[in-house]
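So you can see what is in the structure, the chains are spelled out below.
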Amino acid sequence: MTKILIVDDEPDILEFLQYNLEKEGFDVQTAIDGEEGLIKAHSKIPDIVVLDIMMPRMDGFEVCKVMRKDPKFDNTIITFLTAKDEDFSQIAALDLGGDDFITKPVSPRVFTSRIKALLRRHKSTDSNSLDQIIKIADLLIDKEKVMVKRGDRKIELAKKEFELFCLLVEKPGKVYTREEIFRKVWGTDVIVGNRTIDVHIRKLREKVGSEYIKTIKGIGYKFEF
């Protein structure tokens, strides 16, 4: 069974989320604050952790930072519960190593769907991360040959366009902040203009297809199919 840990200081929310996930067959633990969450996470390594941000004793950001430093949680998916349109919190959550965020209030159907989507994405990433060839939708990406094909059509990409595209494709659905893209594709020692990412995204959409690369307003970009 997929193990899920929910950490939130509101008992009503914990009960609500736990009930709906258990109906779907998940093994669910709950914790009322960050410290309790870490204790339970260590005792029973979860597949997914759902973290509220504002909690007493230890907030969700601190829990995420601790977990991302511990190799035991390398395969644990971390998603945050954030307020709607709370751009700062959403960006910070992703920068700290969170995989996604779910905005509150959330309906039971949407919540369970997002959890299932995270699991599907994680399985896809596990199967593709060590491969030199990634097949997704009607795309084929060959890392060794630095080549992208859509159907029978070969797509010519510049080096940074290819690196950016691979970053997005390897974790479908994951939202990458602009800062994270700069860090992973260009590195911390390279200074580039503010429009660099926008230009590369525009070129990728022109060459690969605009339907795959989505803009998350105020945050960044993701690959979706």
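Structural data are supplied above this passage.
Everything numeric here is computed off the predicted structure, so don't read it as measured data.

(A) Main features of the overall build of the chain. Helices and strands together make up the secondary structure of the chain, namely eight helices and 12 strands. The C-alpha radius of gyration of the chain comes to 18 Å, within 12% of the 17 Å expected for a compact globule of 225 residues. Burial analysis of the chain (225 residues in total) assigns 47% to the buried set. Across the chain, contacts joining residues at least 24 apart in sequence account for 57% of those joining residues at least 6 apart.

(B) Geometry of the packing of aromatic side chains. Across all of its chains, the model carries four aromatic pairs by this definition. On the numbers, 5.8 Å between centres and 55 degrees between planes, the contact of Phe61 with Phe80 is tilted. A residue pair is termed long-range when its members are at least 10 positions apart, and Phe61 in helix α3 (residues 60-68) and Phe80 in strand β4 (residues 77-83) qualify at 19 residues. Among the residues examined, Phe80 registers a relative accessible area of 0% and is labelled buried. Here the aromatic rings of Phe223 and Phe225 are separated by 6.1 Å at their centres, their planes lie at 40 degrees, and the arrangement is tilted. Classification of Phe225 as exposed rests on a relative accessible area of 60%. Aromatic rings pair up to connect Phe165, Tyr212, Phe223 and Phe225 into one cluster. Across the ring face of Tyr176, the terminal group of Lys174 is positioned such that the distance to the ring centre comes to 5.0 Å.

(C) Structural context of the sheet that holds strand β11 (residues 213-216). Here three strands make up an open sheet; going across it, the order is β10-β12-β11 and the pairing antiparallel. Looking at the sheet topology across the chains shown, the edges are occupied by β10 (176-177) and β11. Pairing analysis gives four bridges linking β11 to strand β12 (residues 220-223), with the strands arranged antiparallel. The residue bridging Ile216 from the neighbouring strand is Gly220, located in β12.

(D) Examining the environment of Thr196 more closely. Inspection of the secondary structure assignment puts Thr196 in helix α8 (residues 196-208). Along the backbone, Thr196 and Cys166 are 30 residues apart, and their C-alpha atoms lie at a distance of 17 Å.

(E) Expanded view of the nonpolar core. Formed by 27 residues in total, the largest nonpolar core has its most connected members in Leu139, Ile141, Leu157, Phe165, Ile181, Val208 and Phe223. Taken together, the elements giving at least two residues each to this core come down to β6 (133-136), β7 (139-142), α6 (159-169), α7 (178-186), α8 and β12. At seven residues, α6 tops the list of elements feeding residues into this core. If we skip the residues at most four places from it in the chain, Phe165 touches Leu139, Ile141, Val148, Leu157, Leu204, Val208, Ile213 and Phe223. Within the second largest apolar cluster, 24 residues are counted, among which are Met58, Val63, Met67 and Ala92.

(F) Region of the structure containing the packing of helix α2 (residues 34-43) against α3. Orientation of α2 relative to α3, taken along the N-to-C sense of each, is 30 degrees, at an axis distance of 9 Å. Taken together, the axes of α2 and α3 lie roughly parallel to each other. Judged by the twist between their axes, the crossing of α2 over α3 is right-handed. Where α2 abuts α3, its residues Gly34, Leu38 and Ala41 lie against Val63, Val66 and Met67.

(G) Region of the structure containing unusual backbone geometry. For the bond running from Lys104 to Pro105, omega is -5 degrees, close enough to zero to count as cis. With respect to the helices and strands, Pro105 occurs in the loop between β5 (100-104) and α5 (108-128). Residue Ala137 is not a glycine yet carries a positive backbone phi of 55 degrees. For Ala137, the location among the structural elements is in the loop between β6 and β7. Phi at Val146 takes a positive value of approximately 50 degrees, unusual for a residue other than glycine. In this fold, Val146 is placed in the loop between β7 and β8 (147-150).

(H) Expanded view of α2. Within α2, the full set of buried residues consists of Gly34, Gly37, Leu38 and Ala41. Across the axial projection of α2, the buried residues extend over an arc of 100 degrees, all falling on one side. Exposed and facing more than 90 degrees away from the buried side of α2 are Ile39 and Ser43. In this structure, the buried side of α2 is in contact with β1 (3-7), β2 (27-31) and α3. Residue Asp33 occupies the N-cap position of α2, its side-chain oxygen lying 3.1 Å from the main-chain nitrogen of Glu35.

Cut-offs used in this document
Just so you know, the residues in each chain are numbered from 1, in the order the chain's sequence is written. Only residues with pLDDT of at least 70 get local features here, since the model is predicted, and only at 80 or more are side-chain atom pairs given and counted; chain-wide, interface and lining totals rely on the full set of residues. Values shown for side chains rest on all heavy atoms present in the structure; no hydrogens or waters enter the calculation. Going along the chain from the N terminus, every DSSP run of H or I of four or more residues is numbered as a helix, and every run of E of two or more is numbered as a strand. C-alpha atoms define the radius of gyration, and 2.2 Å times the number of residues to the power 0.38 defines the globule rule. Whether a residue is buried, partly exposed or exposed follows from its accessible area with a 1.4 Å probe, protein chains only, as a fraction of its type maximum: under 20%, in between, or over 50%, in that order. In this analysis, two residues are considered to be in contact whenever any of their non-hydrogen atoms come within 4.5 Å of each other. Only Phe, Tyr and Trp rings are paired, with Trp represented by its six-membered ring, and only when their centres lie within 6.5 Å; those with planes under 30 degrees apart are stacked, over 60 edge-to-face, the remainder tilted. Criterion for a charge above a ring: Lys NZ or Arg CZ within 6 Å of the ring centre, and within 35 degrees of the ring normal. A pair of strands is labelled paired if DSSP reports no fewer than 2 bridges between them. Residues belong to one nonpolar core when they are buried, are Ala, Val, Leu, Ile, Met, Phe, Trp, Tyr or Cys, and are joined through side-chain atoms within 4.5 Å. Between N-to-C directions, angles cover 0 to 180 degrees, with each direction set by a line fitted to C-alpha atoms, over the stretch in contact for helices. Throughout, the term roughly parallel applies to angles under 35 degrees, roughly antiparallel to angles over 145, roughly perpendicular to angles from 65 to 115, and oblique to all others. Handedness of a helix crossing follows the sense of rotation of the near helix relative to the far helix, less than a right angle counterclockwise being left-handed and clockwise being right-handed. This arc describes the spread of directions from the helix axis toward the C-beta atoms. The definition of a polar contact used here is a pair of N or O atoms within 3.5 Å, where within protein one atom must be able to donate a hydrogen and the other to accept one, and adjacent residues in sequence count solely through side-chain atom pairs.

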